[in-house]
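# Descriptive analysis of the structure
One letter stands for each residue in the lines below.
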Amino acid sequence: MPLRLFRFLSSLLIPATRGTVAIYVGLTLVMTIGLIALGTDVVFLLMKHRQMQSAADSAAISGARALAVGVPADYAMQARSVASASGFVNGVDGVTVTVNSPPVVSTGNAGLEGAVEVIVSQPQNQLLLGLFRSGILPVGAMAVAANSGSYEYCFLALGSGGSPAAFVANNAVVANPDCGVAVNSSSSPALTLGENAVIRGPVNVVGEWLLNNNSDLQGSPNFQHATAVENPYESLTAGTPPGCTSTSGIVNGTKTLSAGHYCSGFDFKNSSTVTLSQGTYYVDSKFVTGNGVTIKATSGVTIIINGNYTINLGNSNIINVVAPTSGTFAGIAFYGPTAIGTQVFSNNVNLNVQGVLYFPEGTVNFNNNGITTTSKCTQIVAKYINISNNAALNNDCVGTGVSTIGGGATKLVE
């Protein structure tokens, strides 16, 4: 039966129609190849556009953040650098990365002050479709990012992990409404408030916060799932310390010390009064104070914890430090570049610091009334931060050499 059916169908194909069928088959093949070429090129162009859009989004956010905080100073260069990291280098292989502030091309945000517009474009050669038509296709993507306000922070927890990376313990209060808390951890929770704890300034958390019984975020604005706040001291290094000073860092009584490299560390005995003259102090191995010690360092002083150790403070110390307003360590009061432990400021220490306590690899703890600052500008920047007492930090940093932390949450608006 199948053989008969085949012979019958074959008898219907007269010689004249066999040529017609061949033409039809040829045309169909051409159309099929064309459709395959079109599909292949469309998929490639869509993929390329997606890559450009991702690059434009990242570049716009980074450029807007730089514009807001002034770090790096050239926001357009920062945006192009981010686009370059995504594979789109301005001026290479036909790539053009255009950065505008305020936006120019945008239809909904043109002229928006503080916004950054990034346009990434690159002409694309047609692949299989080039068999049928010549020329190249323009492909591009645009993004606009802006800061949702000008919000500055006194506390910055740098750790990208850590749960929590910042902890405001039971009954603790971050009292100044102009002193915000920024947490770059993406964990849940990244910021935890204990019972009755309060933050009265703005909050910016990459992950999520956990508010325990009666704790409260009383400031504004408060963001979860936000963009990480950039560390304005990221590029800072301690440099090479000078040779060891001949002056001993052991003080029992009243003494004035000069800047230098204290290879045997600092050891200030009970009731001592120590004046630190202007300059940078590299302190090796230990920083120990007895009870009732007074430290006067108000003429532009940076104290570098030169090693992996923790500060050990006695009861009822008075520590006054004013950081330099210019130079390599402008705004830096305490700096522990390699200290990974926990720096504890406690036991009724009266810590008056104009500058930043910067421990990028370590933890800073304030407890037992460990901080009462009357200085105009104080910042805490550390990998992790724990507060278990009232932290009264001020944030009037103009003219102090201290860099601004923050500038608002940066988000895509187009």
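First things first, this report covers the structure right here in the doc. (Residues numbered from 1 in each chain as written. Predicted model: local features only at pLDDT ≥ 70, side-chain atom pairs only at ≥ 80, totals over all residues. Heavy atoms only, no water.)

By the element assignment, S215 lies in the loop between β13 (209-211) and β14 (216-217). From its side chain, S215 meets the backbone oxygen of N212 in a polar contact 2.6 Å long. (Helix = DSSP H or I, 4+ residues; strand = E, 2+ residues; numbered from the N terminus. Polar contact = N/O pair within 3.5 Å; in protein donor to acceptor, adjacent residues only side chain to side chain.)

Right, let's talk about the sheet that holds strand β2 (residues 116-121) for a bit. As summarised here, the arrangement of the four strands in space is β1-β2-β5-β30, forming an open sheet in which the pairing is antiparallel. Unpaired on one side and paired on the other, β1 (96-100) and β30 (410-412) mark the two borders of the sheet. On average, each strand axis in the sheet is inclined to that of its neighbour by 20 degrees, with strand direction left out of account. The pairing of β1 with β2 spans five bridges and is classified as antiparallel. Note that in β2 the partner of T96 across the bridge is S121. (Pairing = 2+ DSSP bridges. Axes fitted to C-alpha atoms, helices over the stretch in contact; angles between N-to-C directions.)

Here the focus is the sheet that holds β14. Consider a sheet: its strands pair through backbone hydrogen bonds, and that pairing is either parallel or antiparallel. Judged by pairing direction, the sheet is parallel, and its three strands sit side by side in the order β8-β11-β14 without closing on themselves. At either end of the open sheet lies a strand with only one pairing partner, and these are β8 (173-174) and β14. Relative to β14, strand β11 (residues 198-199) runs parallel, the two being bridged by two bridges. Within the sheet, the bridge partner assigned to I199 lies in β14 and is L217.

All right, on to the environment of V349 then. By the secondary structure assignment, V349 is in the loop between β27 (342-345) and β28 (350-367). The exposure class assigned to V349 is buried, which follows from its relative accessible area of 0%. Note: C-alpha distance between V349 and I319 (30 residues apart in sequence) is 7.5 Å. (Buried < 20%, exposed > 50% of the residue type's maximum accessible area, 1.4 Å probe, protein only.)

Moving on to helix α3 (residues 75-85). Of all the residues in α3, the buried ones are A76, Q78, A79, V82 and A83. Along the axis of α3, the buried residues cluster in a sector spanning 160 degrees; they form a single face. Away from its buried face by more than 90 degrees, α3 exposes M77 and A85. Within two residues after α3, G87 carries a phi angle of roughly 100 degrees, on the positive side. (Arc of directions from axis to C-beta.)

For the rest of this paragraph, the subject is the environment of V402. Turning to its location among the elements, V402 is positioned in the loop between β29 (378-388) and β30. Judged by relative accessible area, V402 falls into the buried class, the value being 9%. When the C-alpha atoms of V402 and V356 are compared, they prove to be 7.1 Å apart, with 46 residues separating the residues in sequence. Contacts of V402, omitting those with residues within four sequence positions, involve Y233, G331, G355, C377, Q379 and C397. (Contact = heavy atoms within 4.5 Å.)

Now for the state of the cysteines. A complete count under the given rule lists two disulfides for this structure. Through a disulfide, C244 is tied to C263; the S-S separation comes to 1.8 Å. As the torsion about the S-S bond is roughly -85 degrees, the C244-C263 disulfide counts as left-handed. Of this pair, C244 sits in the loop between β15 (222-223) and β16 (250-251) while C263 sits in the loop between β18 (260-262) and β19 (266-268), placing them 19 residues apart in sequence. (Disulfide = S-S within 2.5 Å.)

Let us now look at the pattern of salt bridges. Pairing is possible between side chains that carry opposite charge, provided their charged atoms lie close to one another. On inspection of all chains with the given rule, the structure shows two salt bridges. A salt bridge links D267 to K269, with the shortest nitrogen-to-oxygen separation between them at 3.0 Å. Of the charged contacts in the structure, one is a salt bridge between D267 and K286, with a shortest N-O distance of 3.9 Å. Residue D267 is located in strand β19, and its partner K286 is located in the loop between β21 (279-284) and β22 (287-289); the two are separated by 19 residues in the primary sequence. Classification of D267 as buried rests on a relative accessible area of 13%. Classification of K286 by relative accessible area gives partly exposed; the value is 30%. (Salt bridge = Lys/Arg side-chain N within 4 Å of Asp/Glu carboxyl O.)

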